[in-house]
2 protein chains.
Amino acid sequence: MPKINRLDSTQTDFMVRLDELLAWEGVSDEAVTRAVTDILADVRQRGDAAVLEYTARFDRLECHDLHELEIPQTRLARALETIPQEQREALERAAARVRSYAEHQKMSDWCYTEADGTMLGQKVTPLDRVGLYVPGGKAAYPSSVIMNAVPAKVAGVPEVIMVVPTPDGVVNDLVLAAASVAGVDRVFAIGGAQAVAALAYGTQTVPPVDKIVGPGNIYVATAKRMVFGTVGIDMVAGPSEILVVCDGKTDPRWIAADLFSQAEHDEDAQAMLVSPDGAFLDGVAAAMDELLTEMPRAGIIRTSLADRGALIQVRDMEEAVQVANHIAPEHLELSVADPETLVPGIRHAGAIFMGRHTAEAVGDYCAGPNHVLPTSRTARFSSPLGVYDFQKRSSLIQCSPAGAADLGRTASVLARGEGLVAHARSAEYRQDPDAQP
Amino acid sequence: MPKINRLDSTQTDFMVRLDELLAWEGVSDEAVTRAVTDILADVRQRGDAAVLEYTARFDRLECHDLHELEIPQTRLARALETIPQEQREALERAAARVRSYAEHQKMSDWCYTEADGTMLGQKVTPLDRVGLYVPGGKAAYPSSVIMNAVPAKVAGVPEVIMVVPTPDGVVNDLVLAAASVAGVDRVFAIGGAQAVAALAYGTQTVPPVDKIVGPGNIYVATAKRMVFGTVGIDMVAGPSEILVVCDGKTDPRWIAADLFSQAEHDEDAQAMLVSPDGAFLDGVAAAMDELLTEMPRAGIIRTSLADRGALIQVRDMEEAVQVANHIAPEHLELSVADPETLVPGIRHAGAIFMGRHTAEAVGDYCAGPNHVLPTSRTARFSSPLGVYDFQKRSSLIQCSPAGAADLGRTASVLARGEGLVAHARSAEYRQDPDAQP
């Protein structure tokens, strides 16, 4: 039977043990920080030349012109034609569903006018240019191309630039096909901190972007943290997590597969099950034992469950919800008969999968909501990636002469209270409604 | 005449000089980083005891119990009664206007159901607890208490905890009064990196928060950057900026005062004026010369204008808008007759002040929109502080049996394409619509 932590909310050290399991610090060590700092500075200063050197060194790709590393739209289109039809249809369907969900998130302008004619409002504008990082090699996920690029295009971003490393020139047709389906505008076969630097600062060939999104290894994550401020970034994601809350009446094999679907991501992934039914927890453990034999990634699953997984017995469903709110999971599966009765009590979760028939996996690929979600308890204060991450707001203020005079009085009182006389004067000049500017 | 940079868009090196003026790196040096790292670790480990020690050392306040440093609501109420009536009324009016604007930003839940009964949606929840940092001493601005606390309360945050250092026990009644008006729930007289650490990790006396907002010195800014991830933070702000775009027909004294209202903040603040009318730029320079004599903070204004200010002549208003979009200013004043014709062309600005009668100062205090705005060109990808910064979203997915079967097919194709067999199995289990969970 795969080793997995067993917790019980009646144990006195329950919360302590739970917090130990949840503890995660994605700290990049000094060596990584130093390496990334140098790469960023080098690319910022030397542009293309530096990117070409690092690509030759890390991806074993020798080029003399960065333009050679741009993958043209024709190549993306060919990839889409090359892959099996069922995969092409699945990609197109996933993109269409992600797009229609995203349409609901679009923000729009608003304003209102007050009695004296003063207008206040908010203007919404898409970002000019967005960079999308896509990992190369085995961790290359076409689904994350769709999840990152589609909301940006729905937001109205004119130019989405994807970077994806192609070590030894190996390209992933499924990833290129996804880029075509998602409407990515340009693709460069570069990766690592050098790709992040190229997007953040721009080079002779790669135009600078305003925001960089997408997953990556520790070098990429560290580089994103460092360029934050020069450009926007999405959240720096920790390992993926699922918390299944079950009343004990779902087929244990279904729940075992749901837990494995997290655990198989990597050794650090976290899969947890909470239930008031102890016998059910045993049943799921047995089902996991059986299912494990069919899993090509059994080794990863074993390590993940042993190190970070847990079967948690609670007193009742009410306590299960409390535990869920404390964990603030990235993925929360409510495998119960009447999930809608539990949802109002859920305060923190990236995505909530309601009911026995709703597997997290459908959310990962094609349900519609984004699979880029807050991890490591950050659902307490952050949201899934969405269209709103690719739009920004500007406040609008238009004072009528009467409004300027009226508000000017209040402003000058507060400005003088703060000792800011220029602020006061600037407001006072507009105080006479008949003042001729 | 105060020294100020003079640029002309017809100069060949115009963009180079402009970018030199805009360049700003808020880098915290190694000494600061090391000091803050130690303080964070110490407070995280020793809690109250560490906070008390640092408060004694940096604020010269000797206490033996952190509870002594909590400022009770009764004290806030007394401050509100103590200050002059016109200030009290101004604070209350400002808070009321910020509140009514913020109400327009509230996000709410939504969902839709598909033909096969599958429901997709988004649930909105306020943060549980927010920390608000307020600088002590001279930089203590009651207006920023209102601007940070009011949106959090409008969002429905149950507990807003304010920290404000009181060096030598000196408290600012205007700040405490603002806290009372804004509905701050608890106030602690602590500051610096130790206060940020207390809010991020929690101590025996200070409860841990989910997000920390508010301005602060380099130690506070560095601490906020470091605790990001454990808690959310607002943007780390750079120096304040204004860009005035004027057709040359506004009273030069008004524009001079508007530029000064930025420049008086601090030596690093940036005040720029763009106009196609060279004679008008001279007129504003002359008006600044005159007005400067009335300014208590003339020294700061002189340095700010000489180092970072600029009078920029452009070919026409169209080019003025291009320059504005390149600068992506925190505050953009459109001092023209018909600002509504320019606004559609503005892509990047924190707040847009429309028309000759709309002084930035009214926006700083009482117009309604928030005065916490993206600085240093970050308006290219970020927004003013708002209610949406204190709410977060959770995706909702509820598959009907038919929907689970249908979506499961697509999910399993993509999962197997990514080599994630557990994902595929988890989806496949739900593929038979008659499957009994």
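For chain A, the name recorded in an unreviewed UniProt entry is Histidinol dehydrogenase, with Ectothiorhodospira haloalkaliphila as its organism. Taken from UniProt, the Pathway (unreviewed entry) comment for chain A reads in full: "Amino-acid biosynthesis; L-histidine biosynthesis; L-histidine from 5-phospho-alpha-D-ribose 1-diphosphate: step 9/9." In its Sequence similarities (unreviewed entry) section, the UniProt entry covering chain A states "Belongs to the histidinol dehydrogenase family."

1. Focus on the pairing of strand E1 (residues 5-8) of chain A
Residue and element names in this part refer to chain A. Side-chain alternation along E1 places Asn5 and Leu7 on a buried face and Arg6 and Asp8 on a face that remains uncovered. Sheet analysis places E1 next to strand E12 (residues 310-313), joined by four bridges and oriented parallel. The residue of E12 that forms the bridge with Leu7 is Ile312.

2. Focus on the relation of the copies chain B and chain A
With an RMSD of 0.0 Å, the fit of chain B onto chain A corresponds to turning through 180° and sliding 0.0 Å along the axis. What the superposition gives is, in effect, a two-fold axis relating one chain to the other. Looking at chain B, 100% of its interface residues are interface residues in chain A too, so the copies touch through the same face.

3. Examining the side chain of Arg97 of chain A
Assignment of secondary structure puts Arg97 of chain A in helix H5 (residues 85-103). Once residues lying within four places of it in the same chain are set aside, the contact partners of Arg97 of chain A are Cys366, Ala367 and Gly368 of chain A together with Glu114, Leu120 and Leu407 of chain B.

4. Thoughts on the sheet that holds strand E15 (residues 391-398) of chain A
Taken in spatial order, the nine strands make up an open sheet running E3(A)-E4(A)-E15(A)-E14(B)-E13(B)-E10(B)-E11(B)-E12(B)-E1(B), and their pairing is mixed. Sheet topology places strand E3 (110-113) of chain A together with strand E1 (5-8) of chain B at the edges, where each strand pairs with a single neighbour. Taken over all neighbouring pairs, the strand axes of this sheet differ in orientation by 20° on average, direction set aside. Taken together, the five bridges between strand E10 (residues 241-246) of chain B and strand E13 (residues 331-335) of chain B define a ladder with parallel strand orientation. When the sheet's bridge partners are listed, Val244 of chain B is paired in E13 of chain B with Glu333 of chain B. Contacts between helix H11 (residues 278-292) of chain B and the sheet are confined to E1, E10, strand E11 (270-275) and strand E12 (310-313) of chain B, with E12 of chain B contributing the most and set at about 165° to the helix. Taken strand by strand, helix H13 (residues 317-327) of chain B contacts E10, E11 and E13 of chain B, and its axis lies near 170° from that of E10 of chain B.

5. Points about the interface of chain B and chain A
Each partner contributes residues to the interface: chain B has 120 residues there, and chain A has 120 residues. Of the roughly 10900 Å² buried where chain B meets chain A, counting both sides, 58% is carbon and sulfur surface. The largest share of the area that chain B buries against chain A comes from His357, Ile397 and Arg430 of chain B, three residues that together contribute 7% of it. For the pair chain B and chain A, the interface holds 14 salt bridges. Seen at the junction of chain B and chain A, the total is 68 residue pairs in polar contact (both at pLDDT 80 or more). The greatest single-element share of the side of chain B that touches chain A, amounting to 11 residues, is contributed by helix H15 (residues 401-417) of chain B. The class makeup of the residues in the side of chain B that touches chain A is 59 nonpolar, 32 polar and 29 charged. Looking at chain direction, E15 of chain A and strand E14 (residues 351-354) of chain B are connected through three bridges and run parallel.

6. Comments concerning the UniProt feature "binding site: substrate" (unreviewed entry) in chain A
Under the UniProt annotation, "binding site: substrate" (unreviewed entry) lies at Ser240, Gln262, His265, His331, Asp364, Glu418 and His423 of chain A. Judged by maximum C-alpha separation, these annotated positions cover 184 residues in sequence and are scattered in space, the widest gap reaching 55.7 Å. Note that His265 of chain A resides in the loop between helix H10 (252-263) and strand E11 (270-275). Setting aside chain neighbours within four positions, we find His265 of chain A in contact with Tyr141, Ser240, Arg297 and Ile300 of chain A together with Leu420 and His423 of chain B.

7. Section: empty space enclosed by the protein
Residues and elements named next belong to chain B. Under the criterion given, the structure shown has seven cavities of 30 Å³ or more. Put simply, the largest cavity is a space of about 70 Å³. Lining the largest cavity are Leu22, Trp24, Pro239, Glu241, Gln270, Arg308, Ile327, Ser376 and Arg377. In the lining of the largest cavity, the residues fall into four nonpolar, two polar and three charged.

8. A few points about the nonpolar core
The biggest cluster of nonpolar side chains holds 103 residues, and the ones touching the most others in it are Leu91, Val145, Met162 and Ile190 of chain B. When residues no more than four places from it in sequence are discounted, the contact partners of Ile190 of chain B are Val51, Thr55, Leu66, Leu69, Val163, Val164, Pro165, Ala195, Ala198 and Val206 of chain B. Grouped together as the second largest cluster of nonpolar side chains are 102 residues, Val32, Leu52 and Leu61 of chain A together with Ala404 of chain B included.

9. Digging into the pattern of salt bridges
Any two side chains of opposite charge can pair, on the condition that their charged atoms come close. Scanning all chains against the criterion turns up 45 salt bridges over all chains. Between Asp173 of chain A and Arg75 of chain A there is a salt bridge; the shortest N-O distance is 2.9 Å. Here Arg75 of chain A lies in helix H4 (residues 73-82) and Asp173 of chain A lies in helix H7 (residues 173-182), a separation of 98 residues in the sequence. Arg416 of chain B serves as the salt-bridge partner of Glu428 of chain B, at 3.0 Å between the closest nitrogen and oxygen. Pair noted here: Glu428 of chain B is in helix H16 (residues 421-428) and Arg416 of chain B is in helix H15, with a separation of 12 residues, a long-range link. With a relative accessible area of 43%, Arg416 of chain B lands in the partly exposed category.

10. Considerations on the pairing of strand E5 (residues 129-133) of chain B
Residue and element names in this part refer to chain B. Most of E5 is tucked away, with four of its five residues classed as buried. Note that E5 and strand E6 (residues 159-163) share five bridges and pair parallel. Along E6, the bridge assignment pairs Leu132 with Met162. Across three bridges, the pairing between E5 and strand E8 (residues 211-213) is parallel. Bridging from a neighbouring strand, Leu132 pairs with Val213 of E8.

11. Focus on the domain arrangement of chain A
Residue and element names in this part refer to chain A. Per the domain assignment, the segments making up chain A are domain 1 (5-24 + 238-367), domain 2 (30-233) and domain 3 (399-428). The straight-line distance from the C-alpha centre of domain 1 to that of domain 2 is 32 Å. Between domain 1 and domain 2, the residue contacts involve seven residues of the former and five residues of the latter. Here domain 1 packs against domain 2, burying approximately 470 Å² in sum over the two surfaces, 49% of which is carbon and sulfur. Sorting the residues of domain 1 by area buried against domain 2 places Tyr365, Cys366 and Ala367 first, and these three jointly supply 69% of that buried surface. Between domain 1 and domain 2 we count two residue pairs in polar contact (both at pLDDT 80 or more) in total. When its residues are assigned to classes, the side of domain 1 that touches domain 2 shows three nonpolar, two polar and two charged.

12. A short note on the sheet that holds strand E13 (residues 331-335) of chain A
Sheet strands pair via backbone hydrogen bonds, and the direction of the pair is either parallel or antiparallel. Within the open sheet, the nine strands sit side by side as E1(A)-E12(A)-E11(A)-E10(A)-E13(A)-E14(A)-E15(B)-E4(B)-E3(B). Their pairing is mixed. Of all strands in the sheet, those with a lone pairing partner are E1 of chain A together with strand E3 (110-113) of chain B, marking the two edges. Neighbour-to-neighbour, the strand axes of the sheet open up by a mean angle of 20°, direction not taken into account. Helix-sheet contacts for H5 of chain A involve E3, strand E4 (119-126) and strand E15 (391-398) of chain B, and the interaxial angle to E4 of chain B is about 45°. Sitting on the sheet, helix H13 (residues 317-327) of chain A is in contact with strand E10 (241-246), E11 and E13 of chain A, with an inclination near 170° to E10 of chain A.

Conventions we followed
- Residues numbered from 1 in each chain as written.
- Chains lettered and ligands numbered in written order.
- Predicted model: local features only at pLDDT ≥ 70, side-chain atom pairs only at ≥ 80, totals over all residues.
- Heavy atoms only, no water.
- UniProt positions renumbered as here; feature names shortened; annotations may be inferred.
- Buried < 20%, exposed > 50% of the residue type's maximum accessible area, 1.4 Å probe, protein only.
- Helix = DSSP H or I, 4+ residues; strand = E, 2+ residues; numbered from the N terminus.
- Pairing = 2+ DSSP bridges.
- Least-squares fit on C-alpha atoms with pLDDT ≥ 70 in both.
- Contact = heavy atoms within 4.5 Å.
- Axes fitted to C-alpha atoms, helices over the stretch in contact; angles between N-to-C directions.
- Buried area = accessible area lost by both parts, 1.4 Å probe.
- Salt bridge = Lys/Arg side-chain N within 4 Å of Asp/Glu carboxyl O.
- Polar contact = N/O pair within 3.5 Å; in protein donor to acceptor, adjacent residues only side chain to side chain.
- Nonpolar A, V, L, I, M, F, W, Y, C, P; charged D, E, K, R; others polar.
- 1 Å grid on protein atoms, 1.4 Å probe; cavity = no way out; pocket = protein on both sides within 12 Å on 5 of 7 lines; lining within 4 Å.
- Points joined across faces, edges and corners; volume = space filled by probe spheres on them.
- Core = buried A, V, L, I, M, F, W, Y, C linked by side-chain atoms within 4.5 Å.
- Domains from an automatic or database assignment.

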